[in-house]
Structures are given as C-alpha cells and as structure tokens.
Amino acid sequence: MPEPGELVFDAPRRGKAPRHLMDLSAAERKAAVVELGLPAFRADQVSRQWLGRLSDDPSTWTDVPEPVRDVISGALLPQLLTGVRTIDCDNGTTVKSVWRLHDGALVESVLMRYPDRATICISSQAGCGMNCPFCATGQAGLTRNLSTAEIVEQVLAGARALDRGEVAGGPGRVSNVVFMGMGEPLANYSAVIGAVRRLISPAPDGLGMSARGVTVSTVGLVPRMQQLAGEGLAVTLAVSLHAPDDNLRDTLVPVNTRWPVSEVLGAAWEYADRTGRRVSIEYALIKGINDQTWRADLLADLVEGQLVHVNLIPLNPTPGSIWTASTIQDERAFVATLKRRGVPVTVRDTRGRDIDGACGQLAAAQG
Ligand code: SAH
C-alpha cells in the first residue's frame, strides 16, 4: 500500500474511470469478451470467479486458460481502487477504508459488522455538491461522479475481506449496502442504478443480494426519486429530511429551495406506493436547531399514516462545526413525541465515530 504522503505528488488528472467488467451487465460482458476475440462463455467463467467466488486474482482461475486470463484482465480488469489506509474501531468490527481512484481522487467506505448482519456504507461520488452545512463531505464540494464499477468494487472489497476472514468475527458475507457514504447517489443516477443492478442480480451475473438490503439515500432530488420508483428495483429509499419546515430545511439541506418538503415527501409516498417498500426518513438531531418537540409533532403531522420509518441520527459534529448533537433528554423527548403519535422511530447507533467514519464524517477529499 502506498504511504498517504505519496498522494501529494500525484498530479490529479480528474476524469472518468477506465472501463471495467463491473460496469457491464451480463449481456454486455459477453459482448465485450467477444469483441476481444474470445468465446462468449468466457464472460460467464470470469463472472463466476469475480462475483461468485469473489476471486480478484486471475492466477487462481484454473478453469480459464492463462492467455485468456491475461487478455481479459488486461482489457477489462484495471485496478480501480487502491487502498490508501484502513482504520478500525469497535474491536475491529467497524472498518473504514480510504481508496485512491485512478485519477488521484479519494473516497471512503465503511464496513460495519453486527451479530446478525454486515453492512457496508459506500460512496457514489468523490465529494458532494449538495452543500449541507452539517456534513463533512459537503464542505469539500464535488470532485466527480464515480463509475458503476468504482461503486461496485467498494462492495466487493468489503465482501472479499469478510469472505477471507479478515474482519473481526470470522468469515462472513455482506448483507446490506447503504449509499450513505460520500456523495448524492441520485445526482449520479445511471452509475448508481448500474451498481444496484450488479448487486442484486442473481449470482453469477451479480452479487445476488436482496434488493431490500440495499438502501439509496437522497437529499430529495424529486424527479430522480420518481424515476427510481419506476425502475422496478424495490430497494429501500432513505430521504434525508432533517427538518419538517421549509424555513429550517432551506438552511440544512440547501436543495430544499428547489424541491421543498411537501414535494420531497410526495415523491417519497409515491415511492412507497409503487414499490410497497417502507421509506426511511433520516433526521439528524442537532442541538437547539431541529430537536424541539414541536418539530417532532410537525414531523408526525407530515408522516403519520404513511409507510414510513423515522431514523434519528445523533449529529456527528464535523471539524469547525458550530453544531453539536442534541442532549439525551431532548433526544428522548423527540422520540417519545413521535412514538406517541404512532410513528415508527429508531435512533441510529453511532458506529465509527472515533475513526471519523460515522454519518457525515467521510471527507477524504479534504486530504
Ligand atoms: N447525499 C445522501 C447520502 C449521504 S449522507 C443524503 O444526503 O441522503 C447519509 C446520511 O448522513 C444523510 O441522511 C445525511 O444527511 C447524514 N449526515 C450527514 N452529515 C451528518 C452528520 N454530521 N451527522 C449525522 N448525520 C449526518
């Protein structure tokens, strides 16, 4: 692995990632292999190795002749992610990885292992253009969109590490993927949809994950939410609301000035209607800003009776932030208000906080 300091010497050539096997659907993989002058079935063999066996070392692909391995890896398997460092906490069950992309851009992913599941939080963009003032990624601005393969490879890196028993708790599998790392997934729509398809397509065409185990989180890009509802994907949609009133939300999630609360929630209910999936409403509790019980009541007015779940996130303060997490009393009062109104609510755990790997703390692009 390179030293982090090495990055200083990289002339950042910002650009699209080279084409990779994981950018391609199963049919496109066949076509690409044929284009290389090889029989189409080689694509299936390679997919079985890459996705089925999680084997990224062509020298172990005994069912594929060596010259074929060389041609395919030369043309379709460029190394997209280079590990810069990994940092763990929670006794090794939370692991943050910092990746350098081909053009020097940095992104992060976080693997969180629980007794019954393993969740990987991945990035869809290097940086983010949404500019939410409480989020570390938002402060650095957008560098670029990730390609489908750059997104999928973050999941595969976690899946390989778990499969090989490199994560505390013994060998395991990734059960959940959340697009809650760096970036606004719906602002990189087609690459994200491609990645979701790769994750949920049955093995060996894809990773064979359950769609409901995949969560796409958005600030509320209404036209894209509507488009997502029509994809027939049944992934979980999370909406970062953070305030029930436009006045406050305009400042916390600036894109609210374009699509206000009523339109965002309208699109959320449409998503629930069309997919039958419960929508998750994300709400970071910020002391003295959005944590009043009257706002909990206002939130309940907006969501009660809908197919919804409210996920409260204690704010993870970012460097230089004037804001901090709500007091435990205010958090409890907020939860109690929602519960009294019959709104399903949970408070998210704060895994990864001490490695700057918790929600809103991913900011590799700042160096
Ligand atoms: N752009 C997408 C996904 C990335 S962030 C979105 O906004 O939904 C994933 C979640 O973490 C979002 O709900 C985001 O608002 C929240 N978040 C960002 N910064 C945070 C912070 N400092 N503390 C707690 N949650 C934060």
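Under the heading Cofactor (unreviewed entry), UniProt records this for the chain: "[4Fe-4S] cluster".

Colleague: I tried to follow the overall build of the chain on my own but got confused; where do I start?
Modeller: Summing up its helical and strand segments, the chain has 11 helices and 12 strands in all. Taking 367 residues into account, the globule formula puts the C-alpha radius of gyration at 21 Å, and the chain, at 21 Å, falls close to it. Each principal axis of the C-alpha atoms in the chain carries an extent, and together these give about 70 × 45 × 40 Å. Counting the 367 residues in the chain, one finds 57% classified as buried. Within the structure as shown, the chain displays about 15,200 Å² of accessible surface, and the carbon and sulfur contribution to it stands at 50%. Computed over 37 positive and 40 negative side-chain charges, the separation of the two mean positions in the chain equals 3 Å.

Colleague: Explanation requested: helix H7 (residues 222-229) in the structure shown.
Modeller: One full turn of an α-helix is made of 3.6 residues, so residues set three or four places apart face in the same direction. Of the residues making up H7, those classed as buried are Val222, Met225, Leu228 and Ala229. Looking straight down H7, one finds its buried side chains confined to an arc of 115°; they lie on one side. Where H7 is buried, its residues touch helix H6 (189-200), strand E8 (214-218), strand E9 (236-240) and helix H9 (261-275).

Colleague: Which parts of the structure should I look at to understand the packing of aromatic side chains?
Modeller: The description of two aromatic rings rests on the distance between their centres and on the angle between their planes. Taken as a whole, this structure holds two aromatic pairs when the rule is applied. Taken together, a centroid distance of 6.3 Å and an interplanar angle of 85° make the contact between Trp50 and Trp61 edge-to-face. With Trp50 in helix H2 (residues 41-52) and Trp61 in the loop between H2 and helix H3 (66-76), this residue pair connects regions lying 11 residues apart in the sequence. Here the aromatic rings of Tyr283 and Phe334 are separated by 5.1 Å at their centres, their planes lie at 40°, and the arrangement is tilted. Here Phe334 lies in helix H11 (residues 328-340) and Tyr283 lies in strand E10 (residues 279-285), a separation of 51 residues in the sequence. The same class applies to Tyr283 as to Phe334, namely buried. Sitting over the ring of Tyr114, Arg117 keeps its end group 4.1 Å from the ring centre. Over the aromatic face of Trp50 sits the side chain of Arg160, whose NZ or CZ is 5.2 Å from the ring centroid.

Colleague: Got a minute to help me understand helix H1 (residues 26-35) in this structure?
Modeller: Those residues of H1 lying buried are Ala26, Arg29, Ala32 and Val33. Looking straight down H1, one finds its buried side chains confined to an arc of 115°; they lie on one side. Turned more than 90 degrees away from the buried face of H1, the exposed residues are Ala27 and Glu35. At its buried positions, H1 is contacted by H2, H3 and H6. Gly37, located one to two residues past H1, shows a positive phi value of around 85°.

Parameters and conventions
- For every chain, the first residue of its written sequence is number 1, and the numbers climb from 1 along that sequence.
- Totals for whole chains, interfaces and linings use all residues, but because this is a predicted model, local features are given only for residues with pLDDT of at least 70 and pairs of side-chain atoms are given and counted only at 80 or more.
- As a rule here, side-chain values come from all non-hydrogen atoms in the structure, and water together with hydrogens is ignored.
- UniProt positions are given in the numbering used here, feature names are shortened, and annotations may be inferred rather than shown by experiment.
- Numbering of helices and strands starts at the N terminus; helices are DSSP runs of H or I of at least 4 residues and strands are runs of E of at least 2.
- The reference for a compact globule is 2.2 Å times residues^0.38; the radius of gyration itself is calculated from the C-alpha atoms.
- Buried residues are those whose accessible area, probed at 1.4 Å on protein chains only, stays under 20% of the maximum for their type, while exposed residues exceed 50% and partly exposed ones sit between those limits.
- Here the Shrake-Rupley method, with its probe set to 1.4 Å, supplies the accessible areas, and only the displayed protein chains count as covering residues.
- Charged residues are defined here as Lys and Arg on the positive side and Asp and Glu on the negative side; His and the ends of the chain fall outside this count.
- Where a charge sits is defined by one atom per residue type, namely NZ (Lys), CZ (Arg), CG (Asp) or CD (Glu).
- The directions from the helix axis to the C-beta atoms form the arc being described.
- Any two residues having at least one pair of non-hydrogen atoms within 4.5 Å are treated as being in contact.
- Pairing of aromatic rings covers Phe, Tyr and Trp, the last through its six-membered ring, and needs centres within 6.5 Å; plane angles under 30 degrees mean stacked, over 60 mean edge-to-face, and all others mean tilted.
- Ring-over charges, as used throughout, are those where CZ of Arg or NZ of Lys falls within 6 Å of the ring centre and within 35 degrees of the ring normal.

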